Amino acid sequence: SAPIIFKSKFIIGITYPLTDFVQSFFQKKTFLIPNGVDYISIRKKLDNNFVSTKLSVNKKYIFFIGHLENWIPLKDFLDASTYSSSYEFVVIGQSREYINYSKKYKNIHFLGRLSHYETMNLAYKYADFFFHSYLINNIWKYKSSRKLLEYIVLNKKVFVNTKEYLPPTLSLSEQIISYNNLGNFLYLLEKESPALSKITDESLDSLSWRHHVSESKFMEYCNDY
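In this report, the structure presented in the accompanying data block is examined. (Residues numbered from 1 in each chain as written. Predicted model: local features only at pLDDT ≥ 70, side-chain atom pairs only at ≥ 80, totals over all residues. Heavy atoms only, no water.)

A few points about the pairing of strand S2 (residues 29-32)
As paired elements, strand S1 (residues 10-13) and S2 share 4 bridges and run parallel to each other. Counted as the bridge partner of Gly-13 is Leu-32 from S2. After leaving S1, the chain enters helix H2 (residues 16-26) and then returns to the sheet as S2, a path that is right-handed. (Pairing = 2+ DSSP bridges. Helix = DSSP H or I, 4+ residues; strand = E, 2+ residues; numbered from the N terminus. Right-handed = clockwise from strand over helix to strand, strands pointing away.)

Right, here's the structure in full:
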């Protein structure tokens, strides 16, 4: 809230537009630290011997991970589950709406809230694709997403409804597939997918928390303060 910000010595923002606005409005020392990913930590959680009774290794899946938010539309994902003949759909997360959806969409596995360890291993071993869409495209300017970064670390392709506000490292990545409508989404989903070039550790490092904190000069500020 504004009273708390006025009392603060500094402000941390997660996107350029938000950081610029806060800095100009409150005239405070402001640092840009976007959402990052700890890809080393995620890799340590991945277990090649992981086996789940929730899903079958003989089927193909597209995953959505997250609790339902107002700006995250699942309509294309839900509707696609009734048309796709090649994939089953998986939702990991908790929401009252998921209970109602589970009664209507029989081709979707609603797994509820899971630990980060189980979520990452299920996604790593069983997911063929991920779904990551926003209702208002401008939200990309104001909310950089940790989930998208985790999908990238797992080296799986991700369907999004816009690339417009993604950083170049992501917008140019062949892991990110943009679609225009439900028909286009289904076509791309069913289309034979070419082999995926593994993203380099150098690229992952540019998306890491360590890199973002270092670029912000926040630690130097704390040391001098």
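Re H2
Among all positions in H2, only Thr-19, Val-22 and Phe-26 are buried. The arc that holds the buried residues of H2, viewed along the axis, is 70°, so those residues lie on one side. Exposed residues lying more than 90 degrees from the buried face of H2 are Tyr-16 and Phe-25. (Buried < 20%, exposed > 50% of the residue type's maximum accessible area, 1.4 Å probe, protein only. Arc of directions from axis to C-beta.)

Some details on the sheet that holds strand S3 (residues 61-65)
The 6 strands are arranged S5-S4-S3-S6-S7-S8 in an open sheet whose pairing can be described as parallel. The outermost strands of the open sheet, each flanked by one partner alone, are strand S5 (108-112) and strand S8 (176-178). Each neighbouring strand pair of the sheet contributes to a mean axis angle of 25°, computed without reference to strand direction. Where strand S4 (residues 88-92) lies against S5, 4 bridges are found, and the strand directions are parallel. By the bridge assignment for S5, Phe-89 is matched with Ile-108. Contacting S3, S4, S5 and strand S6 (127-131), helix H4 (residues 75-83) runs over the sheet at an angle of about 145° to S4. (Axes fitted to C-alpha atoms, helices over the stretch in contact; angles between N-to-C directions. Contact = heavy atoms within 4.5 Å.)

Comments concerning unusual backbone geometry
Excluding glycine, residues mostly have negative phi values, and the peptide bonds linking residues are mostly trans. Of note, Asn-155 is a non-glycine position whose phi angle comes to about 60°, a positive value. Residue Asn-155 is classed as partly exposed on the basis of its relative accessible area, which comes to 22%. Look at Lys-217: it is not a glycine, yet its phi comes out positive at around 65°. On the secondary structure map, Lys-217 appears in the loop between helix H12 (209-216) and helix H13 (218-224).

That's the geometry; what it means functionally is another story.
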